[in-house]
Amino acid sequence: MAYLLTKTFHLVFVIAWMAAVFYLPRILVNLAEAGDVPAVRARLLLMGRRLYRFGHVMFALAFALGLTLWLGYRVLPHFPTLVVAGTLWLHVKLGLVILLFAYYVWSGRQLARVERGGALGSATLLRWINELPLPLLVAIVWLVLAKPF
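A short tour of the structure in this document, coming up. (Residues numbered from 1 in each chain as written. Predicted model: local features only at pLDDT ≥ 70, side-chain atom pairs only at ≥ 80, totals over all residues. Heavy atoms only, no water.)

## Some thoughts on the overall build of the protein chain
The condition is simple: Here a helix means four or more residues in a row that DSSP labels H or I, a strand means two or more in a row labelled E, and each is numbered from the N terminus. Partly exposed describes any residue whose relative accessible area lies between the buried limit of under 20% and the exposed limit of over 50%, with all areas from a 1.4 Å probe on protein chains only and scaled to the type maximum.
When helices and strands are tallied, the protein chain shows five helices and zero strands. For the protein chain, the succession of helices and strands along the chain, N to C, is α-α-α-α-α. Considered along the principal axes of its C-alpha atoms, the protein chain spans approximately 60 × 25 × 20 Å. Counting across all 149 residues of the protein chain, residues that qualify as buried make up 35%.

## Remarks on helix H3 (residues 88-115)
Here is the rule: Expected helix span is taken as 1.5 Å per residue step, with the number of steps being one fewer than the number of residues.
Here H3 contains 28 residues, and its C-alpha end-to-end distance of 41 Å stays within 8% of the 40 Å for a straight helix at 1.5 Å per residue. Phi for glycine 117, located one or two positions after H3, is positive at around 100°.

## Things to note about the packing of helix H1 (residues 2-34) against helix H5 (residues 133-146)
In plain terms, the rule: The angle between two axes is taken between their N-to-C directions and runs from 0 to 180 degrees, where each axis is a line fitted to C-alpha atoms and a helix contributes only its stretch in contact. Oblique is the label for any angle not covered by the other classes, which are roughly parallel (under 35 degrees), roughly antiparallel (over 145) and roughly perpendicular (65 to 115). Should any heavy atoms of two residues lie within 4.5 Å, those residues are considered in contact. Residue polarity is assigned by list, with Asp, Glu, Lys and Arg as charged and Ala, Val, Leu, Ile, Met, Phe, Trp, Tyr, Cys and Pro as nonpolar; anything else, Gly included, falls into the polar class.
Look at H1 against H5: their axes get within 11 Å of each other, and the N-to-C directions meet at 155°. Considering the angle they form, H1 stands roughly antiparallel to H5. Along its contact with H1, which presents Met18, Val21 and Phe22, the element H5 presents Pro133, Leu134 and Leu137. Looking at the contact of H1 with H5 residue by residue, the class counts come to six nonpolar, no polar and no charged.

## Some details on the pattern of salt bridges
What counts is decided by this rule: Between Lys or Arg on one side and Asp or Glu on the other, a salt bridge is scored when a side-chain nitrogen of the former is within 4 Å of a carboxyl oxygen of the latter.
Summed over the entire model, instances satisfying the criterion amount to two salt bridges. Where glutamate 33 meets arginine 127, a salt bridge forms, and the shortest distance between an N and an O atom there is 2.2 Å. Of this pair, glutamate 33 sits in helix H1 while arginine 127 is found in helix H4 (residues 123-130), placing the two residues 94 residues apart along the sequence. Between glutamate 115 and arginine 49 there is a salt bridge; the shortest N-O distance is 2.1 Å.

## Details of the packing of aromatic side chains
Between two aromatic rings, the relevant description is the distance of the centres plus the angle of the planes. For clarity, the cut-off: By convention, a stacked pair of Phe, Tyr or Trp rings (six-membered ring in the case of Trp) has centres within 6.5 Å and planes under 30 degrees apart, an edge-to-face pair has planes over 60 apart, and any other such pair is tilted.
This model, assessed by the stated rule, comprises eight aromatic pairs. Between phenylalanine 59 and phenylalanine 101, the aromatic rings sit 4.3 Å apart at their centres with planes inclined by 25°, giving stacked as the arrangement. One end of the pair, phenylalanine 59, is in helix H2 (residues 38-71); the other, phenylalanine 101, is in helix H3, and 42 residues separate them in sequence. Judged by relative accessible area, phenylalanine 101 falls into the partly exposed class, the value being 25%. Ring-pair connections join several aromatic residues into one group, and the members of that group are Trp17, Tyr52, Phe59, Phe63, Phe101 and Tyr104.

## A word on the side chain of threonine 6
With respect to the secondary-structure elements, threonine 6 resides in helix H1. Residues contacting threonine 6, with those up to four places away along its chain left out, are Leu65, Thr68, Leu69 and Phe79.

## Focus: the nonpolar core
In summary, soluble globular proteins display a tendency toward joint burial of nonpolar side chains. Basically, it comes down to this: What is meant by a nonpolar core is a set of buried Ala, Val, Leu, Ile, Met, Phe, Trp, Tyr and Cys residues, joined one to another through side-chain atoms within 4.5 Å.
Membership of the largest hydrophobic core comes to 34 residues, with the highest contact counts inside it found for Trp17, Val21, Leu24, Leu31, Leu100, Tyr104 and Leu111. Elements supplying a minimum of two residues to this core: H1, H2, H3, H4 and H5. If one sorts the elements of this core by residue count, H1 sits on top with twelve residues. Dropping the residues within four chain positions of it, leucine 111 is found in contact with Leu24, Leu28, Leu31, Leu45, Gly48 and Arg49.

See below:
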């Protein structure tokens, strides 16, 4: 039962983090399109800051539970493990998760740059960048479900 609860909450926190991963760059697009309207910019910056903090908390919880799923057998007696022969898929998945996290941090740094008065790229460029997490997420889900290697 502990394994199923751990896996359930891991998935819930991953979904919550992915919501932040998808929406924070969209806030950047809106900031680029807002121009110099102070009230709109202030609201978007507030939303972005709160979402970025929320995303970090969700990532930390998902990471801790994922680590428990991976290596929990070392600490918790009778806890099933993912550490078996043929886990190359897991290492590739973790690499893709690291790329997603780097993307998320990059988005947060762009938000901080705007708060300091810096400029963003064009709205069109940001829209293209906004699409990057989707293929990564599809690859991660496929690796988890198919375990191809």
